[in-house]
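Each chain is listed here by its residues.
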Amino acid sequence: LVVTGGNDNVIRIWAADTGREVQQKRGHVSSVDMVAFSPDSNKILSTSVGGQVVLWEASRQRKYVELPIGTESCSAVAFSPDGKRIANGSADNTVKIWDVETGQEMLSLEGHSDNIRSIAFSPDGKRIASGSLDTTVKIWDVELGQETLTIKGHTGSVNSVAFSPDGKRIATGSRSDKTVTVWDAESGQKTLTLRGHSEAPSSTSPARFRYSGVRSV
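How each quantity is defined
Residues numbered from 1 in each chain as written. Predicted model: local features only at pLDDT ≥ 70, side-chain atom pairs only at ≥ 80, totals over all residues. Heavy atoms only, no water. Helix = DSSP H or I, 4+ residues; strand = E, 2+ residues; numbered from the N terminus. Polar contact = N/O pair within 3.5 Å; in protein donor to acceptor, adjacent residues only side chain to side chain. Salt bridge = Lys/Arg side-chain N within 4 Å of Asp/Glu carboxyl O. Buried < 20%, exposed > 50% of the residue type's maximum accessible area, 1.4 Å probe, protein only. Phe/Tyr/Trp six-rings, centres within 6.5 Å; stacked < 30°, edge-to-face > 60°. Lys NZ or Arg CZ within 6 Å of the ring centre and 35° of its normal. Pairing = 2+ DSSP bridges. Axes fitted to C-alpha atoms, helices over the stretch in contact; angles between N-to-C directions.

A.B. asks: Can you break down the environment of S157 residue by residue, with the values?
C.D. replies: With respect to the secondary-structure elements, S157 resides in the loop between β15 (146-151) and β16 (158-163). The sequence separation of S157 and N115 amounts to 42 residues, and the corresponding C-alpha distance is 9.1 Å. Engagement of the side chain of S157 in a polar contact is seen with the side chain of N159, the distance being 3.4 Å.

What follows is the structure, encoded as structure tokens:
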């Protein structure tokens, strides 16, 4: 299945083999700008302009839970690897972690000085990486609720972040400086800078590691 969201406020699910629309989900009051399946594909996460974040049962029309994000725009979201938590970054410069089953806020992380544009869990679910308009990447310990590392090196907004499959490296992309950079996830040291894009990498065409962790694309 493929899930999409649009300016008509509707989420559509399609059969990937035939291209046939199999379901619609309605409930957003403005344009749907991000959608994602949970790791087990049983739930769908969607966000819309204005900060509305909704979890849906993938097989049914009804909402599973709506997260009380508030009026701040939700600019980045990610499921934890076990699908039990959601992390979001928003225009109030915070990272928040939510319980999928209850919709309750579990943790709020403060440290960025500008809008958070990208977010990712580590493969073991114990850390979160967040990229911001403040040009930094921050690593957070989810269990302790603390910032453990700030990575500096981009000259513009960090629009994508991704952990390698072994969790030892982080790839980041910036729309402003048009680079993808690979960092050591423990020390924050730069290991590689990739240049070549004539247009900026964006959050809709992010940096990603191949499963082996050898390459980022």
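Once you've had a look at it, read on.
A.B. asks: Give a description of the pattern of salt bridges that names residues and reports values.
C.D. replies: Inspection of the entire model under this criterion finds 8 salt bridges. Between E66 and K63 there is a salt bridge, with its nearest N and O atoms 2.9 Å apart. Take K63: its relative accessible area is 30%, and that puts it in the partly exposed class. Among the salt bridges present, the one from R127 reaches E186, with a minimum N-O distance of 3.5 Å. Of this pair, R127 sits in strand β13 (residues 127-132) while E186 sits in the loop between β18 (179-184) and β19 (190-195), and the two are 59 residues apart along the sequence.

A.B. asks: Explain the packing of aromatic side chains to me, using residue names and the numbers behind them.
C.D. replies: Applying the stated criterion to the full structure yields 0 aromatic pairs. Cation over ring: K43 sits above Y64, and NZ or CZ is 4.7 Å from the ring centre.

A.B. asks: Could you give me a rundown of the sheet that holds strand β3 (residues 21-26), with the residues and numbers involved?
C.D. replies: One open sheet holds the 3 strands; their spatial order is β1-β2-β3, and the pairing between them is antiparallel. Single-partner strands in this sheet number two, and they are β1 (2-5) and β3. In this sheet, neighbouring strand axes are inclined to one another by 20° on average, regardless of whether the strands run parallel or antiparallel. Where strand β2 (residues 10-14) lies against β3, 5 bridges are found, and the strand directions are antiparallel. By the bridge assignment, W14 is partnered in β3 with E21.

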